[in-house]
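What the coordinates show
Below, each chain spelled out in residue letters.
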Amino acid sequence: VQLQASGGGLVQAGGSLRLSCKASGTVFSVHVMGWYRQAPGKQRELVARITRDGSPTYADSVRGRGTISRDYGKRTVDLQMNSLKPEDTALYYCYFQSATTGRAYWGPGTLVTVSS
């Protein structure tokens with residue numbers, strides 16, 4: 001299983017970005033998919049996740065500014081981030097968790113930099 005993410009980049013504060021992630025390879029039943037992020041010197045933290053049936057969960061820090069969506073058939077998960085802040089600067093990692101084994105598969109990370 002391989003995950004490929006795209007959409008990171010440099011954006012000014014107040015701007016928007018859309019991160020996309022696609023899983024390819026062995027087809028497996030997905031339990032949940034989502035995004036974590038890790039800022040320099042900080043621990044990795046959950047940004048948003050969404051279950052197979054479409055139920056989302058958001059970190060307090062992005063609630064109201066982020067929207068997660070998925071296409072289960074295409075094995076894709078997207079994260080729309082609006083009103084970006086400098087503190088959103090981080091490496092963003094997508095993940096898919098297998099419903100069968102519980103194993104999580106991670107993407108390589110895509111860098112989001114928000115300038116003030």
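Below is a summary of the structure that appears in this document. Please read all numbers here as calculations on a predicted model, not as lab measurements. Residue positions are given per chain, counting from 1 as you read along its sequence in written order. Note on the predicted model: pLDDT of at least 70 is required for a residue's local features to be given, and 80 or more for side-chain atom pairs to be given and counted; whole-chain, interface and lining totals, by contrast, use all residues. The side-chain quantities take in all heavy atoms of the structure and omit both hydrogens and water.

The subject of this paragraph is the nonpolar core. Counting 30 residues, the largest nonpolar core has Trp35, Ile68, Val77, Leu79, Tyr92 and Phe96 as its most contacted members. Those elements that place two or more of their residues in this core are β3 (17–24), β4 (30–38), β5 (45–51), β8 (76–81), β9 (90–98) and β11 (110–115). By nonpolar core we mean a set of buried residues, namely Ala, Val, Leu, Ile, Met, Phe, Trp, Tyr and Cys, connected to one another through side-chain atoms within 4.5 Å. Only protein chains enter the area calculation, which uses a 1.4 Å probe; residues under 20% of their type maximum are buried, those over 50% are exposed, and those in between are partly exposed. The helix count covers DSSP runs of H or I at least four residues long, the strand count covers runs of E at least two residues long, and both are numbered beginning at the N terminus.

This paragraph deals with the pattern of salt bridges. By definition here, a salt bridge exists when the distance from a side-chain nitrogen of Lys or Arg to a carboxyl oxygen of Asp or Glu is within 4 Å. Tallied over the full model, the rule gives five salt bridges. Note that Arg37 and Glu45 form a salt bridge whose closest N and O atoms lie 2.7 Å from each other. Look at Arg37 and you get buried, because its relative accessible area is 5%. For Glu45, a relative accessible area of 35% corresponds to the partly exposed category. One salt bridge in this structure joins Arg63 and Asp60, with 2.5 Å as the shortest N-O distance. Classification of Asp60 as exposed rests on a relative accessible area of 66%. One network of salt bridges, in which partners are shared, links Arg37, Glu45, Arg65 and Asp88.

Turning our eyes to something else, we now look at the environment of Gly109. Relative to the helices and strands, Gly109 is located in the loop between β10 (104–106) and β11. Remark: the alpha-carbon pair of Gly109 and Gln4, spanning 105 residues in sequence, is separated by 8.6 Å. Setting aside its immediate chain neighbours within four residues, Gly109 contacts Leu91, Tyr92 and Tyr93. By definition in these notes, contact holds between two residues if any of their heavy atoms fall within 4.5 Å.

As for its position among the elements, Arg65 is in the loop between β6 (56–58) and β7 (66–71). For Arg65, a relative accessible area of 10% translates into the label buried. When near neighbours in sequence (up to four residues on either side) are disregarded, Arg65 contacts Gln80, Met81, Asn82, Ser83, Leu84, Lys85 and Asp88.

Bringing the state of the cysteines into the picture now. We call a pair of cysteine sulfur atoms a disulfide when they lie within 2.5 Å. Applying the stated criterion to the full structure yields one disulfide. In this model, Cys21 is linked to Cys94 through a disulfide, with the two sulfur atoms separated by 2.0 Å. Its S-S torsion of about 50° marks the bond between Cys21 and Cys94 as right-handed, since a negative value means left-handed. Residue Cys21 is found in strand β3, and its partner Cys94 is found in strand β9; the two are separated by 73 residues along the sequence. This pair shows no difference in class: Cys21 is buried, exactly as Cys94 is.

By convention here, two paired aromatic rings are described through the distance between centres and the angle between planes. Under the pairing criterion, centres of Phe, Tyr and Trp rings, with the six-membered ring standing for Trp, must be within 6.5 Å; the plane angle then separates stacked pairs below 30 degrees from edge-to-face pairs above 60, leaving the rest tilted. The tally for this structure, following the rule as stated, stands at three aromatic pairs. Taken together, the aromatic side chains of Tyr36, Tyr95 and Trp106 make up a single cluster linked through ring pairs. By definition here, charges over rings are those cases where NZ of Lys or CZ of Arg is within 6 Å of the ring centre and within 35 degrees of the ring normal. In this structure, Arg44 is placed above the aromatic ring of Tyr93, and the distance from its NZ or CZ to the ring centre is 3.8 Å. Just above the ring of Tyr72 sits the side chain of Arg75; from NZ or CZ to the centre is 4.6 Å.

Attention now moves to the sheet that holds β3. Between any two strands, pairing holds if DSSP finds at least two bridges. Here we have four strands laid out as an open sheet, ordered β1-β3-β8-β7, and antiparallel in their pairing. Two strands in the sheet have a free side with no partner beyond their single neighbour: β1 (2–6) and β7. Strand-to-strand twist of the sheet, defined as the mean angle between neighbouring strand axes without regard to direction, takes the value 15°. As defined by bridge partners, β3 adjoins β8 across six bridges and the pair is classed as antiparallel. Paired with Ser20 across the strands is Asp78, a residue of β8. Angles shown run from 0 to 180 degrees and are taken between the N-to-C directions of axes, each axis being a line fitted to C-alpha atoms and, for helices, limited to the stretch in contact.

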